[in-house]
Amino acid sequence: MFHLIALIQKEFLALLKDPRSRFVIIAPPIIQLLVFGYAATFEVTDVPLAVYNESSGEASRELVARFEGSGNFRRVATITEDRQIAPLVDSRQALVVLHIGRTFSRDIHRDGQGTIQVILDGRDSNTALITLGYARQIVQRFNAAWATEHGFSGAPAKLEVRSWYNPNLQSRWFIVPGIVGLLTLVVTLLVTALSVAREREQGTFDQLLVTPYRPWEILVGKATPGFIIGIAEATVIIVATILWFEVPFHGSLLTLYCGVVLFVLAVIGIGLMISSLAVTQQQALLGAFLFLVPAIILSGFSTPIANMPPLVQTLTYLDPLRYFMVVVRGTFLEGTPFHLLIDQFWPMALIAAVTLTSAGWLFRRRMN
């Protein structure tokens, strides 16, 4: 343990004395946190719709037909009971639920106005806002056509909106929690990817080989600084998300940090694999960015995974950031309990086990 602690101290000193490493740890997270927190926006291409039509009248059928024929919505489910709404929204099978009450058609004919309800998944606030705009346009067109056809002067259909998990549909509530995973991935991967490559480039790797350290001790010594820095980065961004950006946190810190630890371990394994294969720091940086770009795109940070082609959706299962995005957004906005996130925890643990084992094998092979 004394030898291991000495090696970890050496790694920290090497990181802090290297100007490039200091820059990677400090500057990019601050810049990206501000840029993404204030400037990032997204667009919507597809909206899964569930229809709960309790009215059997002509007006309700025409309104549903307008939603289905608009080109903006894709009907994925037909609801017959109230209790079917929550599972569809919670599981993200439906982003929008169109609820037409049983008296809608009668109210339009008798009173000249009926109420419909649109339930939105507020976790993706940007998509929800755009979807709400689509719904309002459809209702406005329905109102104009129905009023002209039946001689009404007012708006026959009144739209009532409810947004779950993000009542005000603030896009920052969706974007900023995702930055926890994004910046933790960037910093942890770069720190670990540069560790062994830096030793080879500076000519100190051969000196390390003649020390009494065993391969697993050197590997742990290389991984520990990245683990500590990754947890520290995640903590700083979580605190900034809650206190600076005022995103509400509804879940358990224990559940969130369980996800953080598993995610950081998975990223460290990938970073050590890259570092074991790279000869120079330039090669390590190229390898890290070669992984970073597709990992961020496939994570669901910017675009819904459900909108991706089937083959690409399959590739996302290899991305640890995909699972951590579900964990961090679930704990922040929904208060998702631990047992409902087990399906996200075990894939990250499996990726960590495979990558760390592979990194150890590659490391021993390069040492031999």
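Asks: I'd like a description of the overall build of the protein, backed by residues and values.
Replies: Along the protein, the regular secondary structure elements total 14 helices and five strands. Relative to its 368 residues, the protein shows a buried fraction of 51%. Taking contacts inside the protein between residues at least 6 apart in sequence as the whole, the part at least 24 apart equals 81%. Entry remark: accessible area of the protein is about 17,300 Å², with carbon and sulfur atoms responsible for 62%.

Asks: Would you mind going over the nonpolar core in detail, with residue names and values included?
Replies: F324 and M348 are the most contacted members of the largest nonpolar core, which totals 54 residues. If sequence neighbours within four positions are ignored, M348 has contacts with G259, L262, F263, A266, P320, Y323, F324 and V327. Core analysis: the next-biggest nonpolar cluster, separate from the first, contains 25 residues, V47, V96, A128 and I138 among them.

Asks: Can you break down the pairing of strand β1 (residues 47–53) residue by residue, with the values?
Replies: Burial analysis of β1 places six of its seven residues in the buried class, which makes it a mostly covered element. Pairing geometry for β1 and strand β2 (residues 73–78), over five bridges, is parallel. For V47, the partnering residue across the bridge sits in β2 and is F73. After leaving β1, the chain enters helix α3 (residues 58–68) and then returns to the sheet as β2, a path that is right-handed. Pairing of β1 with strand β3 (residues 96–100), which is carried by five bridges, proceeds in the parallel orientation. Of the residues in β3, the one forming a bridge with V51 is L98.

Asks: So what's going on with the pattern of salt bridges? Which residues, and what values?
Replies: Scanning the model with the defined rule gives five salt bridges in all. Put simply, E68 and R75 hold a salt bridge, and the shortest N to O gap is 2.3 Å.

Asks: I'd love a proper account of the environment of I237, names of residues and values included.
Replies: Looking at where I237 falls in the secondary structure, it is placed in helix α9 (residues 215–244). Linking I237 and G181, residues 56 residues apart in sequence, is a C-alpha distance of 9.3 Å.

Asks: So what about a nonpolar patch on the surface? Which residues, and what values?
Replies: Together, F338, I342, W346, L350 and V354 line one region of the surface with nonpolar side chains, adding up to about 490 Å² of accessible area. The topology assignment puts W346 in helix α14 (residues 342–367).

Asks: Give me the lowdown on the environment of P347, citing residues and values where you can.
Replies: Note on placement: P347 falls in helix α14. In contact with P347, not counting residues within four places along its chain, are Y323 and I342.

Asks: Can you lay out the environment of D343 for me, pointing to particular residues and giving the numbers?
Replies: With respect to the helices and strands, D343 occurs in helix α14. Exposure remark for D343: the relative accessible area of 54% places this residue in the exposed category. In this structure, the C-alpha to C-alpha distance between D343 and V327, residues 16 residues apart in sequence, is 9.9 Å.

Asks: So what about the packing of helix α7 (residues 171–202) against helix α10 (residues 253–277)? Which residues, and what values?
Replies: Interhelical geometry of α7 versus α10 gives an angle of 30° and a closest axis separation of 8 Å. As α7 packs across α10, the resulting crossing turns out to be right-handed. Contact with α7, carried on its side by G181, T184, L185, T188, L189, T192, A193, L194, S195, V196, A197 and R200, involves F263, V264, V267, I268, I270, G271, L272, I274, S275 and S276 of α10 and no other residues of that element. Its residues assigned to classes, the contact of α7 with α10 comprises 13 nonpolar, eight polar and one charged.

Asks: Explain the confidence of the model for the protein residue by residue, including any values.
Replies: Do not read the fine detail of predicted coordinates wherever pLDDT is low. Predicted confidence across the protein gives a mean pLDDT of 81, with 81% of residues reaching 70 or more. When mean pLDDT is compared element by element in the protein, α10 scores highest at 93, while helix α2 (residues 19–39) scores lowest at 60.

Asks: If you had to explain the packing of aromatic side chains to someone new, which residues and values would you point to?
Replies: Each aromatic ring pair is characterised by the separation of its centres together with the angle its planes make. Evaluation of the coordinates by the stated rule reveals five aromatic pairs. Between F263 and F324, the ring centres sit 4.7 Å apart and the planes meet at 5°, which makes this aromatic pair stacked. With F263 in helix α10 and F324 in helix α13 (residues 320–334), the pair connects residues that are 61 residues apart, well separated along the chain. This pair shows no difference in class: F263 is buried, exactly as F324 is. Ring pairing ties together the aromatic residues F67, F73 and Y134, which thus form one cluster.

Asks: Describe the packing of α10 against α13, naming the residues involved and giving the relevant values.
Replies: Packed helices, taken two at a time, are described by the angle their axes make and the gap between the axes. It is the contact of α10 with α13, at a shortest axis distance of 10 Å, that shows an interaxial angle of 165°. Between α10 and α13, the angle is such that the two are roughly antiparallel. Crossing of α10 over α13 shows left-handed handedness. Together, T255, L256, G259, V260, F263, A266 and I270 of α10 and P320, L321, F324, V327, V328, T331 and F332 of α13 make up the contact between the two elements. Among the residues making up the contact of α10 with α13, the classes are represented as eleven nonpolar, three polar and no charged.

Asks: Talk me through unusual backbone geometry; I want residue IDs and the actual numbers.
Replies: Positive phi, close to 65°, is recorded for R92, a residue that is not glycine. Within the secondary structure, R92 sits in the loop between α4 (85–90) and β3. In the Ramachandran plot, E246 falls in the positive-phi region, its phi being about 55° despite a non-glycine side chain. Relative to the helices and strands, E246 is located in the loop between α9 and α10.

Asks: Go over the side chain of D319, please, and point to the residues and values.
Replies: In this structure, D319 sits in the loop between α12 (310–315) and α13. Notably, D319 is buried but unbridged: the nearest opposite-charge side chain belongs to R322, and the N-O separation is 8.0 Å. A polar atom in the side chain of D319 sits 3.0 Å from the backbone nitrogen of L321. Ignoring anything within four residues of it in the chain, the contact list for D319 reads P294, A295, L298, S299 and I351.

Here is what the cut-offs are and how they apply
- Residues numbered from 1 in each chain as written.
- Predicted model: local features only at pLDDT ≥ 70, side-chain atom pairs only at ≥ 80, totals over all residues.
- Heavy atoms only, no water.
- Helix = DSSP H or I, 4+ residues; strand = E, 2+ residues; numbered from the N terminus.
- Buried < 20%, exposed > 50% of the residue type's maximum accessible area, 1.4 Å probe, protein only.
- Contact = heavy atoms within 4.5 Å.
- Areas by Shrake-Rupley, 256 points an atom, 1.4 Å probe, with all protein chains shown as cover.
- Core = buried A, V, L, I, M, F, W, Y, C linked by side-chain atoms within 4.5 Å.
- Pairing = 2+ DSSP bridges.
- Right-handed = clockwise from strand over helix to strand, strands pointing away.
- Salt bridge = Lys/Arg side-chain N within 4 Å of Asp/Glu carboxyl O.
- Patch = residues over 30% accessible without salt bridge, like charges linked within 9 Å, V, L, I, M, F, W, Y side chains within 5 Å.
- Axes fitted to C-alpha atoms, helices over the stretch in contact; angles between N-to-C directions.
- Left-handed = near helix turned anticlockwise from the far one by under 90°.
- Nonpolar A, V, L, I, M, F, W, Y, C, P; charged D, E, K, R; others polar.
- pLDDT = per-residue confidence, 0-100.
- Phe/Tyr/Trp six-rings, centres within 6.5 Å; stacked < 30°, edge-to-face > 60°.
- Parallel < 35°, antiparallel > 145°, perpendicular 65-115°, else oblique.
- Lys, Arg positive; Asp, Glu negative; His and termini not counted.
- Polar contact = N/O pair within 3.5 Å; in protein donor to acceptor, adjacent residues only side chain to side chain.

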